[in-house]
Amino acid sequence: MSAIQNRYEFLYLFDCENGNPNGDPDAGNSPRIDPEDMHGLVSDVAIKRRIRNYVQTAFSNEAPNAIFIEHATNLNKPITAAHIATGGAPGGGGNRTQVNAARKWMSDQFFDVRTFGAVMSTGANAGQVRGPVQVAFSRSLDPILPMDASITRMAVAEKVPGATTMADYEAWENKQEEDKLRTMGRKSLIPYGLYACKGFISAHLAQGTGFSEDDLAHLWEALLGMWDHDRSASKGVMSCRGLYVFKHVGTDSDVTQRVRQSMLGCAPAQRLLDFSGPSRKQTNAIIEIDHQTDLKGSPRTFADYVVKTHPERLPAGVDLLIDGKTATVAV
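Peer 1: Residue-level account of the overall build of the chain, with values.
Peer 2: Of the regular secondary structure elements, the chain holds 9 helices and 14 strands. When the backbone C-alpha atoms are referred to their principal axes, the chain occupies close to 85 × 65 × 30 Å. Looking at the chain as a whole, 43% of its 331 residues qualify as buried. Counting only contacts in the chain whose residues sit at least 6 apart along the sequence, the fraction spanning at least 24 positions is 71%. Looking at the chain as shown, the accessible area adds up to about 16900 Å², and 51% of this sits on carbon and sulfur atoms. Of the side-chain charges in the chain, 35 are positive and 38 negative, and the distance between the mean point of each set is 4 Å.

Peer 1: So what about the pattern of salt bridges? Which residues, and what values?
Peer 2: Applying the stated rule across the entire model yields 16 salt bridges. In this structure, the salt-bridge partner of K104 is D108, at a minimum N-O distance of 2.9 Å. Remark: D108 and K104 occur in helix α3 (residues 96-109); sequence separation between them is 4 residues, near one turn of the helix. In this structure, the salt-bridge partner of K281 is D290, at a minimum N-O distance of 2.8 Å. Taking relative accessible area as the criterion, D290 reaches 33% and is therefore assigned partly exposed. Connected via shared salt-bridge partners are D34, D37 and R139.

Peer 1: Run through the environment of M238, naming residues and quoting values.
Peer 2: Tracing the backbone through its elements, the reader meets M238 in strand β11 (residues 237-248). Along the sequence, M238 and K308 sit 70 residues apart, while their C-alpha atoms lie 22 Å from each other. When residues no more than four places from it in sequence are discounted, the contact partners of M238 are F14, D15, C16, P21, W227 and R231.

Peer 1: Could you give an account of the packing of helix α1 (residues 44-58) against helix α7 (residues 213-225), naming the residues involved and the relevant values?
Peer 2: A pair of packed helices can be characterised by two numbers: the angle between their axes and the separation between those axes. Across the interface, α1 lies against α7 with an axial gap of 9 Å and an inter-helix angle of 110°. Accordingly, the angle class assigned to the pair α1 and α7 is roughly perpendicular. Where α1 abuts α7, its residues I51, Y54 and V55 lie against L219, E221, A222, L223 and G225. Classifying every residue of the contact of α1 with α7 gives 6 nonpolar, 1 polar and 1 charged.

Peer 1: Describe in detail helix α2 (residues 76-85), supporting the description with residues and values.
Peer 2: Those residues of α2 that sit buried are P78, I79, A82 and H83. Taken end-on, α2 shows its buried residues confined to a sector of 150°, consistent with a single buried face. Exposed side chains of α2 directed beyond 90 degrees from the buried face belong to K77 and I84. Looking at the buried positions of α2, the neighbouring elements they touch are α3.

Peer 1: Can you explain the nonpolar core? Please cite residues and give values.
Peer 2: Membership of the largest hydrophobic core comes to 36 residues, with the highest contact counts inside it found for F10, Y12, F14, I51, I201, W220 and L223. Sorting the residues of this core by element identifies β1 (8-19), α1, α4 (111-116), β7 (133-135), β10 (183-201), α7 and β11 as the ones contributing at least two each. Filtering out sequence-adjacent residues up to four positions away, I201 remains in contact with I4, R7, Y8, F10, P132, V133, F211, L216, L219 and W220. By size, the runner-up hydrophobic cluster in this structure holds 21 residues, among which are L273, I287, V318 and I322.

Peer 1: Can you tell me about the state of the cysteines, naming the residues and giving the values?
Peer 2: The full count for this structure, using the stated rule, is 0 disulfides. C240 supplies the cysteine sulfur nearest to C197, a cysteine that is in no disulfide, at a spacing of 11 Å. Residue C240 is classed as partly exposed on the basis of its relative accessible area, which comes to 22%.

Peer 1: Describe in detail unusual backbone geometry, supporting the description with residues and values.
Peer 2: Put simply, A63 and P64 share a cis peptide bond, and its omega is 5°. Looking at the element boundaries, P64 is found in the loop between α1 and α2. Despite not being glycine, N18 has its phi angle at roughly 50°, a positive value. Tracing the chain through its elements places N18 in strand β1.

Peer 1: Describe the pairing of β11, listing the residues and the values that go with them.
Peer 2: Pairing between β1 and β11: 10 bridges, direction antiparallel. Paired with Y8 across the bridge in β11 is K247.

Peer 1: I'd like to hear about the packing of aromatic side chains, residue by residue, with values.
Peer 2: Taken as a whole and judged by the stated rule, the model has 7 aromatic pairs. Ring centres of F10 and W220 lie 5.6 Å apart, and the angle between their planes is 85°; this geometry places the pair in the edge-to-face category. With a gap of 210 residues between them, F10 in strand β1 and W220 in helix α7 connect regions that are remote in the sequence. Each of the two residues, F10 as well as W220, counts as buried. The interplanar angle of 75° and the centroid separation of 6.4 Å between the aromatic rings of W105 and F110 together place this pair among those described as edge-to-face. Overall, the relative accessible area of 22% leaves W105 in the partly exposed class. In textbook terms, an aromatic cluster arises when at least three aromatic residues are bridged by ring pairs, as seen for Y12, F14, Y195 and W227. The ring of F275 is capped by R280, whose NZ or CZ atom sits 4.6 Å from the centre of that ring.

Conventions adopted
- Residues numbered from 1 in each chain as written.
- Predicted model: local features only at pLDDT ≥ 70, side-chain atom pairs only at ≥ 80, totals over all residues.
- Heavy atoms only, no water.
- Helix = DSSP H or I, 4+ residues; strand = E, 2+ residues; numbered from the N terminus.
- Buried < 20%, exposed > 50% of the residue type's maximum accessible area, 1.4 Å probe, protein only.
- Contact = heavy atoms within 4.5 Å.
- Areas by Shrake-Rupley, 256 points an atom, 1.4 Å probe, with all protein chains shown as cover.
- Lys, Arg positive; Asp, Glu negative; His and termini not counted.
- Charge placed at Lys NZ, Arg CZ, Asp CG, Glu CD.
- Salt bridge = Lys/Arg side-chain N within 4 Å of Asp/Glu carboxyl O.
- Axes fitted to C-alpha atoms, helices over the stretch in contact; angles between N-to-C directions.
- Parallel < 35°, antiparallel > 145°, perpendicular 65-115°, else oblique.
- Nonpolar A, V, L, I, M, F, W, Y, C, P; charged D, E, K, R; others polar.
- Arc of directions from axis to C-beta.
- Core = buried A, V, L, I, M, F, W, Y, C linked by side-chain atoms within 4.5 Å.
- Disulfide = S-S within 2.5 Å.
- Pairing = 2+ DSSP bridges.
- Phe/Tyr/Trp six-rings, centres within 6.5 Å; stacked < 30°, edge-to-face > 60°.
- Lys NZ or Arg CZ within 6 Å of the ring centre and 35° of its normal.

Structural measurements only, silent on function.
Okay, structure coming up:
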């Protein structure tokens with residue numbers, strides 16, 4: 001299938017209730033925050049990981065929607081497979097023609113290579129791919145309150161010297177005091193946070209990777225459904241709360257010129273994505289997010305917010321789609 005012919009930007013809303021949306025390893029896995037204003041952060045890597053996980057689950061990790069960057073794998077393995085499949089040297093490398101052939105094979109096989117790009121010169125060289133889809137760090141609309149809760153694990157995982165059988169471990173357990181067979185721990189969480197993520201899709205970069213309309217549909221599907229396949233105790237309850245897509249369609253009556261406009265875009269990204277929020281009032285914003293008028297205290301649920309769209313404020317040549325597929329409507 002041919003590559004997409006339209007530029008897109010999207011605003012993605014998701015929330016987290018009683019969980020840790022994205023822990024910071026340098027801060028004891030505490031929820032990421034901006035220390036200046038205490039707004040929560042979620043990294044671009046975390047969002048792309050969930051998209052990858054959803055596509056891997058939905059398509060059984062099979063080409064053309066296999067996933068290149070899998071959990072706990074060696075990236076040089078599929079890169080080597082690319083050289084073997086295209087007649088190159090098993091060890092990789094080779095001339096430009098061989099590298100280009102391996103790079104195309106990788107793009108044809110792997111959804112995340114076509115979508116996000118990849119550096120594939122880590123061993124067997126398959127070059128580099130600059131992906132058409134990029135996302136920025138997500139930020140919460142209000143300050144968040146990171147909490148550290150104590151928990152008890154009613155068991156231990158001691159390595160007992162000399163124990164090789166179940167009987168050895170049972171004998172060791174029987175000699176221990178009951179309090180020594182459980183441990184204390186801590187769990188980081190936030191009571192609630194609504195996050196906004198800004199994303200960008202380049203039609204020109206899509207030509208280089210083959211990112212198609214089918215791939216675009218899979219991306220929207222992943223953003224809408226990925227949290228339902230990423231449940232864990234540490235994440236609490238995370239949900240998609242809105243996907244607002246700006247599609248550049250052009251204005252010219254000439255078909256060739258209109259395609260050119262659609263690919264280059266008809267308005268700057270900030271004009272579309274600069275929404276009006278509780279702590280950042282924006283005049284003439286296409287999307288407005290605010291607290292309910294009767295809210296007392298801090299938001300604790302998505303129902304504490306009101307989201308409004310203003311299609312009448314769209315620049316010429318740009319369409320607004322809700323959840324990636326609905327026709328332009330006012331909410």
